[in-house]
Amino acid sequence: MIELKNVSKTYGGTVKAVDNLSLTIPDGEIFGFLGPNGAGKTTTIKLIAGILNADSGTILVNGRDIEKEALEAKKQIGYVPDTPNMFLRLKGIEYLNFMADMYDVSTEERKERIERLSRHFGMTDVLQDRIQSYSHGMRQKIVLIGVLLHNPPVWILDEPMTGLDPRSSFLLKEMMREHADRGNTVFFSTHVLDVAEKVCDRVAIINKGQILFCGTMEEMQEHFKKNSSLESMFLELTESEE
Amino acid sequence: MKNKTLLLARTLIKNGEGLNLKGSSTFTKIAILIVFAILIPSFMFGIAFVVTGLLTVLKSMGQEGVILSWGIAINSTIVFVFGIFYVISTFYFSSDVEMLLPLPLKPRQIVAAKFLVVTIYEYFTTAIFFLPIWITYGVYMKCSPMFYLYGLIVFLLLPVTPLSIASVIIMIIMRFTNLSRYKDTVRMLGGMIGIFLGLGLNIVMQNVLGRMSPEEIMELVQKGENSLVVLTSGIFPTARWGAEAMIYHNQLSGFMSLLIYAGFSILIFMILLWLAQLIYLKGAAGLSETGSKRNKQGRKQLAEEAVRGSVIGTYTRTELKLLFRTPIYFINCVMINFLWPIFILLPLIFQPEEINVIRELSQVMNRPGIEGMILAGAFIAALFFSASNGITSTSISREGQELFIKKYLPVSYRQQLTAKILSGFLLGLVSVLSMIIFGILVLKISIWLSLLILAVVWLPVLYTSLTGLLIDLYNPKLDWDSEQKAVKQNINVLYNMLAAFVPAIGSAAVFIFSLSLPAALIILTLEYVLLCLLLGKLLFTKGVERFIQLEV
Ligand SMILES: Nc1ncnc2c1ncn2[C@@H]1O[C@H](COP(=O)(O)OP(=O)(O)OP(=O)(O)O)[C@@H](O)[C@H]1O
Ligand SMILES: [Mg+2]
């Protein structure tokens, strides 16, 4: 469960990236975060992950305050950033071991999970290579595996499908579903509206740091009083803001 | 061609801001400016003062011109040695290279632009040394304006020859190390060979060109008329012509010397451009490629490698791995720990007669009653060796835009900072160890004194590690696009060297009062323990707060 209450974030004193935003994502739900470029999606996600400090408001992850009980809250989260270019000079396996040590994963558990996840994503053969030699999608997969190693209850993914091949993307969607069905929370941002439409239990559309709409697909169609696609509703919503 | 080169050079300069003041508070900015406004001029006045003294003596022997040739020679050598590092970093390991290669530019345009940028950076350092010598000489000898014009030309061309030679060496090495699958590793080895070769060449040059018997030298001294200037061409070939141009500025011979000096610089630069056109691309292409094994036995290895480790242990090890594997970091932060001993050892290899000097030195070192001062000296050396590696003073900067990773890890900032201190501390110890081994083997310092030094000399290393990290926390350079900006153009390394002056006061006291070993030991240990406790406390309170505030 993720709870945001009146969260605001201003960059460098001028750009108001997140504006008094409140949002609750209950357990067992896949939540899609949509919005045009520069709307504030990444900023919101970074606030939840504890990377940025909010100017005001509170953020709870499974009941733990990300500022006051930072370490406890962070242990709840598995965060996949929007750019997977990190630790390029480490070998895949070294990166995974690093993450596992940071999250206190036992030897047995990490062995089993590294083996299973890298087999799933077809990464077993390249674990001994440096991440620098990976393609964009491979880098995303290694980051994803690293995040899943500690079996976090709350997944926070920033545009996770971009760059993944169809099979991996399908696999990830399945995993998200399973994870939510086990009573956990999945929060992800995306520009691919088809994905959002098919996978998400609920979506929010954000623009200029404010939530324009938040609810299920059915609620949205009711709201617009027509049976149109998410795409046309998205366009209508964000255009009227101009 | 010219225009594109200049345009490129301008862009490259704009892209790498100098002082790293952006984002720091007004207070910090003012403090920094004051430090510079006081420090640099006083340093230059110091040089001018010494030069005036030397000139008085030398003029009485008719050898005053030697000041100029020394000035040029020493400056050229400094440019050459640092140029090797600079050239490796900017020509090859800078990330803008990958961006430049696809552009419709000739290789020699890229090299010329980068050369120009490095030259401009070098002017800042050479100015600090050369300006006071030049002006003092001019004023003291009551020279005509022509002298200053000649001096300006000499100054402007000064970095060209040493930098060109450094570039040629590096370019050839990089051409042949770009073949391997394990590029990073081979290139780092190549860089090391380049540095060795460069330093070796410099010493050989001194040897071949500058070798004279004491009788010959005496003869030269007695001849007067600045005859000693000839000698310095042994230190750096262009030094003699530059100096002669300035000394004889109102004669035809001076003009001829200036022509030779300028001609030689331009010739070497042309050779560099010609070579660049031929081999630069082959050396620079595919910088980011790395070997890939596609290991089919992944599973077996996995069982061996997927083992749990402690948080601080793994964190520290990862910091070290990144330092060793990133060529720029390796050259600037790791290599430098081994460089000091090499600096001292190389002359011994190439110039065996120096052994006598060492022998005398070792006799001095083993005189009874100066153990306290040896200890104090070891503390100062340790202080500056470990401050110069810049590991902790760039450890936040090196994170760059990846700093966000460290913020979502469920690891307390205290632990993270501890691991960062540890990585700098461990590598700092290496340089201190090599210093002690040098002391035992070459200076024949007694084993028990060495052991005693070893037992306490980690304190200054810890001190600089702490100050470095604190400085970098307060003034990190996170907004970089190429690794070299994080370490090479990071002013924090310099600040940390300045911070190293503070506890050096203790050592100075030992020297001034010629304290005995027990007294020195007590004073120094106490001084550093107190300082380290204080700094550690500061790091875990203010430093952690600062880390929390940092955002990228
Ligand atoms: N580091 C930063 N410094 C200053 N402003 C920033 C920074 N990062 C983002 N912003 C600004 O904050 C606003 C929100 O950016 P954010 O990255 O959250 O958008 P986003 O919804 O993730 O966009 P995209 O779909 O392009 O990923 C934008 O106006 C952006 O210019
Ligand atoms: Mg984004």
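Going by the structure above, here's the rest.
Residues numbered from 1 in each chain as written. Chains lettered and ligands numbered in written order. Predicted model: local features only at pLDDT ≥ 70, side-chain atom pairs only at ≥ 80, totals over all residues. Heavy atoms only, no water.

Undergrad: Explain the nonpolar core to me, using residue names and the numbers behind them.
TA: Membership of the largest hydrophobic core comes to 95 residues, with the highest contact counts inside it found for Met176(A), Phe187(A) and Tyr408(B). Setting aside residues up to four positions removed in sequence, Met176(A) forms contacts with Ile30(A), Trp155(A), Leu157(A), Met161(A), Val186(A), Phe188(A) and Val199(A). (Core = buried A, V, L, I, M, F, W, Y, C linked by side-chain atoms within 4.5 Å. Buried < 20%, exposed > 50% of the residue type's maximum accessible area, 1.4 Å probe, protein only. Contact = heavy atoms within 4.5 Å.)

Undergrad: So what's going on with the environment of Ser69(B)? Which residues, and what values?
TA: Its location among the elements puts Ser69(B) in helix H3 (residues 66–92). At 3.1 Å, the side chain of Ser69(B) and the backbone oxygen of Val66(B) are in polar contact. (Helix = DSSP H or I, 4+ residues; strand = E, 2+ residues; numbered from the N terminus. Polar contact = N/O pair within 3.5 Å; in protein donor to acceptor, adjacent residues only side chain to side chain.)

Undergrad: Hey, could you go over empty space enclosed by the protein for me, with residue numbers and the actual values?
TA: Residue and element names in this part refer to chain B. A full pass over the atoms with the stated rule returns two cavities of 30 Å³ or more. Space inside the second largest cavity adds up to approximately 40 Å³. Along the walls of the second largest cavity sit Ser-386, Ala-387, Asn-389, Ile-391, Thr-392, Gly-424, Phe-425, Thr-464, Ser-465 and Asn-496, which together make up its complete lining. Every element with two or more residues in the lining of the second largest cavity is listed here: helix H17 (371–388), helix H19 (413–441) and helix H21 (458–474). (1 Å grid on protein atoms, 1.4 Å probe; cavity = no way out; pocket = protein on both sides within 12 Å on 5 of 7 lines; lining within 4 Å. Points joined across faces, edges and corners; volume = space filled by probe spheres on them.)

Undergrad: Would you mind going over the environment of Ile358(B) in detail, with residue names and values included?
TA: As for its placement among the helices and strands, Ile358(B) is situated in helix H16 (residues 355–365). Between the C-alpha atom of Ile358(B) and that of Lys444(B), which follows or precedes it by 86 residues, the distance is 9.9 Å.

Undergrad: Got a sec to walk through the pattern of salt bridges? Specific residues and values, please.
TA: Residues and elements named next belong to chain B. Summed over all chains, the structure comprises 20 salt bridges over all chains. Ionic pairing is found between Glu-319 and Lys-420, a salt bridge with its closest N-O pair at 3.0 Å. Of this pair, Glu-319 sits in helix H14 (residues 311–325) while Lys-420 sits in helix H19, and the two are 101 residues apart along the sequence. In this pair, the class of Glu-319 matches that of Lys-420, namely buried. Because the salt bridges share partners, they merge into one network encompassing Glu-319, Arg-398, Glu-399, Lys-406 and Lys-420. (Salt bridge = Lys/Arg side-chain N within 4 Å of Asp/Glu carboxyl O.)

Undergrad: Before we move on, could you go through the interface of chain B and chain A and cite the residues and values that matter?
TA: Across the contact, 44 residues belong to chain B and 44 residues belong to chain A. Ranking the residues of chain B by area buried against chain A places Arg308(B), Tyr408(B) and Pro410(B) at the top, with a combined share of 18%. Taken together, the connections running from chain B to chain A amount to five salt bridges. Residues Arg308(B) and Asp104(A) are paired through a salt bridge, measuring 3.1 Å at the closest nitrogen-oxygen approach. Where chain B meets chain A, there are 16 residue pairs in polar contact (both at pLDDT 80 or more). Elements with a minimum of two residues in the side of chain B that touches chain A: helix H13 (298–305), H14, helix H18 (403–408) and helix H25 (517–549) of chain B. Top contributing element to the side of chain B that touches chain A by residue count: H14(B), with seven residues. (Buried area = accessible area lost by both parts, 1.4 Å probe.)

Undergrad: Now, about the side chain of Ser257(B): what can you tell me, with residues and values included?
TA: Note that Ser257(B) resides in helix H12 (residues 252–284). Overall, Ser257(B) belongs to the buried group, its relative accessible area being 8%.

Undergrad: Account for the layout of surface pockets, with residues named and values stated.
TA: Approximately 1100 Å³ is the volume found for the second largest pocket. Leu88(A), Arg89(A), Glu402(B), Trp480(B) and Glu483(B) are the residues nearest the centre of the second largest pocket, which is lined by 40 residues in total. Only H14, helix H15 (327–350) and H18 of chain B provide two or more residues apiece to the lining of the second largest pocket. Here the lining of the second largest pocket gathers at least three residues from each of two domains, domain 1 (24–284) and domain 2 (321–549) of chain B. (Domains from an automatic or database assignment.)

Undergrad: Could you give an account of the packing of aromatic side chains, naming the residues involved and the relevant values?
TA: One pass over the structure, following the stated rule, counts 26 aromatic pairs over all chains. Between Trp134(B) and Tyr148(B) the ring centres are 6.4 Å apart and the planes differ by 45 degrees, which places this aromatic pair in the tilted class. Of this pair, Trp134(B) sits in helix H5 (residues 107–140) while Tyr148(B) sits in helix H6 (residues 145–157), placing them 14 residues apart in sequence. Members of the aromatic cluster, each reached through a chain of ring pairs, are Tyr123(B), Phe130(B), Trp134(B), Tyr137(B), Phe147(B), Tyr148(B) and Phe155(B). Cation over ring: Lys46(A) sits above Phe404(B), and NZ or CZ is 6.0 Å from the ring centre. Above the face of the Phe540(B) ring, Arg414(B) is positioned so that its terminal group lies 4.4 Å from the ring centre. (Phe/Tyr/Trp six-rings, centres within 6.5 Å; stacked < 30°, edge-to-face > 60°. Lys NZ or Arg CZ within 6 Å of the ring centre and 35° of its normal.)

Undergrad: Before we move on, can you summarise helix H7 (residues 160–177) of chain B with the specific residues and values?
TA: The end-to-end C-alpha separation of H7(B) is 25 Å, in line with the 26 Å expected for 18 residues at 1.5 Å each. The buried fraction of H7(B) amounts to 16 of the 18 residues, a majority that puts the element mostly inside the structure. (Expected span 1.5 Å × (residues − 1).)

Undergrad: Pulling in residues and values, what's your account of the sheet that holds strand E9 (residues 202–207) of chain A?
TA: Paired through their backbone hydrogen bonds, the strands of a sheet run either parallel or antiparallel. Residues and elements named next belong to chain A. Taken together, the six strands give an open sheet; going across it, the order is E6-E7-E8-E3-E9-E10, and neighbouring strands pair in mixed fashion. At either margin of the open sheet sits one strand with a lone partner, and together these are strand E6 (77–80) and strand E10 (210–215). Along the sheet, successive strands turn relative to each other by an average axial angle of 15 degrees, direction set aside. Sheet strands touched by helix H5 (residues 136–148): E6 and strand E7 (154–158). Its angle to E6, the strand with the most contacts, is close to 175 degrees. With respect to the sheet, helix H8 (residues 217–224) is in contact with E9 and E10, its orientation differing from that of E10 by roughly 110 degrees. (Pairing = 2+ DSSP bridges. Axes fitted to C-alpha atoms, helices over the stretch in contact; angles between N-to-C directions.)

Undergrad: Would you mind going over the pairing of E7(A) in detail, with residue names and values included?
TA: Residue and element names in this part refer to chain A. Within E7, five of the five residues are buried, which leaves the element mostly enclosed by the surrounding structure. Burial of the side chains of E7 extends over both faces: Val-154, Ile-156 and Asp-158 are buried on one face and Trp-155 and Leu-157 on the other. Alignment of E6 against E7, held across four bridges, turns out to be parallel. Bridge pairing links Tyr-79 to Ile-156 in E7. Of the pairings in the sheet, the one linking E7 to strand E8 (residues 185–189) comprises five bridges and is parallel in character. Counterpart to Asp-158 in the pairing with E8 is Ser-189. Between the parallel pair E7 and E8, the chain is carried across by helix H6 (residues 166–181), and the sense of this crossover is right-handed. (Right-handed = clockwise from strand over helix to strand, strands pointing away.)

Undergrad: Tell me what's going on with the site of ligand 1, and back it up with residues and numbers.
TA: All names here are of chain A. Taken together, 13 residues surround ligand 1, and among them Gly-38, Lys-41, Thr-42, Thr-43 and His-191 come closest. Take Ala-39: an N or O atom from its main chain is 3.2 Å from an oxygen atom of ligand 1. In the environment of ligand 1, an oxygen atom lies 3.0 Å from a nitrogen or oxygen atom belonging to the backbone of Gly-40. Protein chains shield 63% of the accessible area of ligand 1, which is 630 Å² for the free molecule. Among the secondary structure elements, those contributing two or more residues to the shell around ligand 1 are strand E2 (15–25) and helix H1 (41–49). In terms of residue count, H1 provides more of the shell around ligand 1 than any other element does, three residues in total. Considered class by class, the residues forming the shell around ligand 1 number five nonpolar, six polar and two charged. (Near = heavy atom within 4 Å. Areas by Shrake-Rupley, 256 points an atom, 1.4 Å probe, with all protein chains shown as cover. Nonpolar A, V, L, I, M, F, W, Y, C, P; charged D, E, K, R; others polar.)

Undergrad: Just give me the short version of the sheet that holds strand E5 (residues 64–65) of chain A, but keep the residues and values in it.
TA: All names here are of chain A. Taken in spatial order, the four strands line up as E2-E1-E4-E5 in an open sheet, and their pairing is antiparallel. The strands lining the two open edges of the sheet, one partner per strand, are E2 and E5. Pairing of strand E4 (residues 56–61) with E5 involves two bridges; the strand directions are antiparallel. Bridge assignment links Leu-60 to a residue of E5, and that residue is Asp-65. Of the strands in this sheet, strand E1 (2–11), E2 and E4 touch H1, which is tilted by about 120 degrees from E1.

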